[in-house]
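Examining the three-dimensional arrangement
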Amino acid sequence: MNKILDFATTPLLREEWEKELVNLIHSKYAPKWNAKIGDRIGEDEYQFVKSFQNEFLQAKKDANYQTKESILLFIEVFRNQSEFFRSRLFGLNISDEYESIPLTNRDDLQTNITAIIPKDLDLSKMVINPTSGTTGKPILAPNHPKSIGCYVPLIEYSVEKFGVKPIHSPKSTFAIQLCYQEKTIEYATCHSLAGGAKFAKINIHPNSWRKPSDLQNFLIESSPQILTGDPYAFESAMKMGIQYKPEAIQSTALELTPALRSKLSDYFQCPVINFYSLNETGPIAYSCPIHPEWMHILPHDLYVEVLSKDTGFPVPSGNMGEIVVTGGRNPYLPLLRYKTGDLGEIQFGPCLCGDHFPRLRLLSGRKSVYFQNTNGDTINPIDVGRILRKKPFIFQFQVEQTRKDEWECRLSLETEIIKDEFQWEIEKNILHKELKSLFGENSKVLISTNYPLDGKKQLAYINSYQIQTEANK
Ligand SMILES: [Zn+2]
């Protein structure tokens, strides 16, 4: 059989790591793997992450987080290296006029990405993350294996705050990420930055397993220290009756309500860590072990502002505003006052948990939405997104379930495809067919093309049918 990992994708791979990984992959309970992914960590990347980790741990110890004053150095560096920074900062004395620095929005990442990427950079190691999330607009987020590698010390720090001691051994499985989707990539790998400890992403959807009992057995056999995933995947896992006690659960990607948090914690009998991370920014914050509704800013190299929607100035503590970030460590995507589109409030001062970085409380806005197909089974909106996002001519979309059997699919399209009526008719029919097969027999799908492309973070998925049904109960 083909080698599972090789030195091209996992340059620091060792024989004993591979042996352990092969055992996991060939387990008789294993899911239907469909991808091979290495960490792409070579000696340079390894050293980069280790020195990042040292600085990070020291900064946490000293409560040395980024401020408006300390982030100036980062901005000055990229003012010389990135055309985007140079033009945005033109004529500004940034130490006196910080609030005059224009904000970067998601549209800029789409249209100005070549100007943002610093000049004279080796682009050969660029990785483009598949976009995801709850909004219908794909964003380009180029990344580098070394900045992706920095997720490891950041995640390890956050789980250690909850009493989990990551085991750096190829015999250990650190994390298994759960998904519940009709289709998604599934793979297992080992991580050079964690002493070869294993990591896997699995789809708990019945499509992915040979026998229904395999999932449960696979979890017990591989015994990951933590389970990660979005609230939707964990809710599905509970409904399926999965019995597995990890040391902690890390919930990402979508907002975790307090009710679901305590339900998860009761069910899996472990702490639940809420993790706030975006593709464009990397990890931003994790929930405080003592005050779970607050999330401490995680990295030491990211300056977080909370700005008033009206004035654009920072709001005083206790007020809601938009979360805006500057800095980071992604060499291809230095962030200059990047609007995350998320709302929250910020609080400063020491915390009893021992992490004295500022705390964010996110306003609900990224609640998970599900659809029901015509049989009443749940559909993960990500499967809808998968169909729409693979069409390069769809810039932004919104899909709303309006009735038990009816969906409205609003698209903002590239002008070329609208001009070519014949081609659009063909593409529209394909979309129709694919969406109807997901929504179920006798479903109706109305496709319109006048959805505005305005750079706003619009909701991609709405289930107004469910909202009405619940209101009528
Ligand atoms: Zn705390």
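Worth saying up front: this structure is predicted, and the values here are computed from it rather than measured.

1. With respect to the overall build of the chain
Scanning the chain from terminus to terminus reveals 15 helices and 20 strands. The C-alpha radius of gyration computed for the chain amounts to 23 Å, which stays within 12% of the reference 23 Å derived for 473 residues, consistent with globular compactness. Dimensions of the chain, computed from C-alpha atoms along their principal axes, come out at roughly 60 × 55 × 45 Å. Within the span of the chain, comprising 473 residues, buried residues form 40% of the whole.

2. As for the sheet that holds strand β13 (residues 335-347)
Taken in spatial order, the 12 strands of this open sheet run β4-β5-β3-β6-β7-β8-β9-β10-β14-β13-β12-β11, and their pairing is mixed. Of all the strands in the sheet, just β4 (187-191) and β11 (302-307) have a single pairing partner and so form its edges. Averaged over all pairs of adjacent strands, the angle between strand axes in this sheet comes to 35°, irrespective of strand direction. Note: strand β8 (residues 272-278) against strand β9 (residues 282-287), four bridges, orientation antiparallel.

3. Describing the sheet that holds strand β19 (residues 444-448)
In space, the four strands of this open sheet follow the order β19-β18-β17-β20, with mixed pairing throughout. Edge positions in the open sheet fall to β19 and β20 (461-463), since each of these has one partner strand only. Direction aside, neighbouring strands of the sheet carry axes that sit 15° apart on average. Sheet topology places strand β18 (residues 406-413) next to β19; five bridges connect them, and they run parallel. When the bridges of β19 are listed, Glu406 appears paired with Lys444. Across the sheet, helix α14 (residues 421-439) touches β18 and β19, and the angle it forms with β19 is around 145°.

4. As for the domain arrangement of the chain
Its domain assignment divides the chain into domain 1 (15-362) and domain 2 (372-471). Taking the mean C-alpha position of each, domain 1 and domain 2 sit 28 Å from one another.

5. A closer look at the environment of Tyr303
Mapped onto the secondary structure, Tyr303 falls in strand β11. If sequence neighbours within four positions are ignored, Tyr303 has contacts with Gln66, Thr67, Lys68, Ile71, Val325, Thr326 and Gly327.

Parameters at a glance
- Every chain's residues receive numbers from 1 upward, in the order its sequence appears when written.
- With the structure being a predicted model, the display of local features is reserved for residues of pLDDT at least 70 and the display and counting of side-chain atom pairs for 80 or more, all residues being used for whole-chain, interface and lining totals.
- Each helix corresponds to a stretch of at least 4 residues labelled H or I by DSSP, and each strand to a stretch of at least 2 residues labelled E; elements are numbered beginning at the N terminus.
- For a compact globule the rule gives 2.2 Å times the number of residues to the power 0.38, and the radius of gyration it is set against comes from C-alpha atoms.
- Neighbour counting defines burial: a residue surrounded by 20 or more other C-beta atoms within 10 Å of its own C-beta is buried, one with 12 or fewer is exposed, and intermediate counts give partly exposed, using backbone-placed C-beta atoms.
- Pairing between strands is defined by DSSP: at least two bridges between the two strands are required.
- Only the contacting stretch of a helix is used when fitting its axis, a line to C-alpha atoms as for every element, and angles between N-to-C directions run 0 to 180 degrees.
- Here the contact rule is simple: place C-beta atoms from the backbone, and any two residues whose C-beta atoms are within 7 Å are in contact.
- How far each domain reaches was decided by an automatic or database domain assignment.

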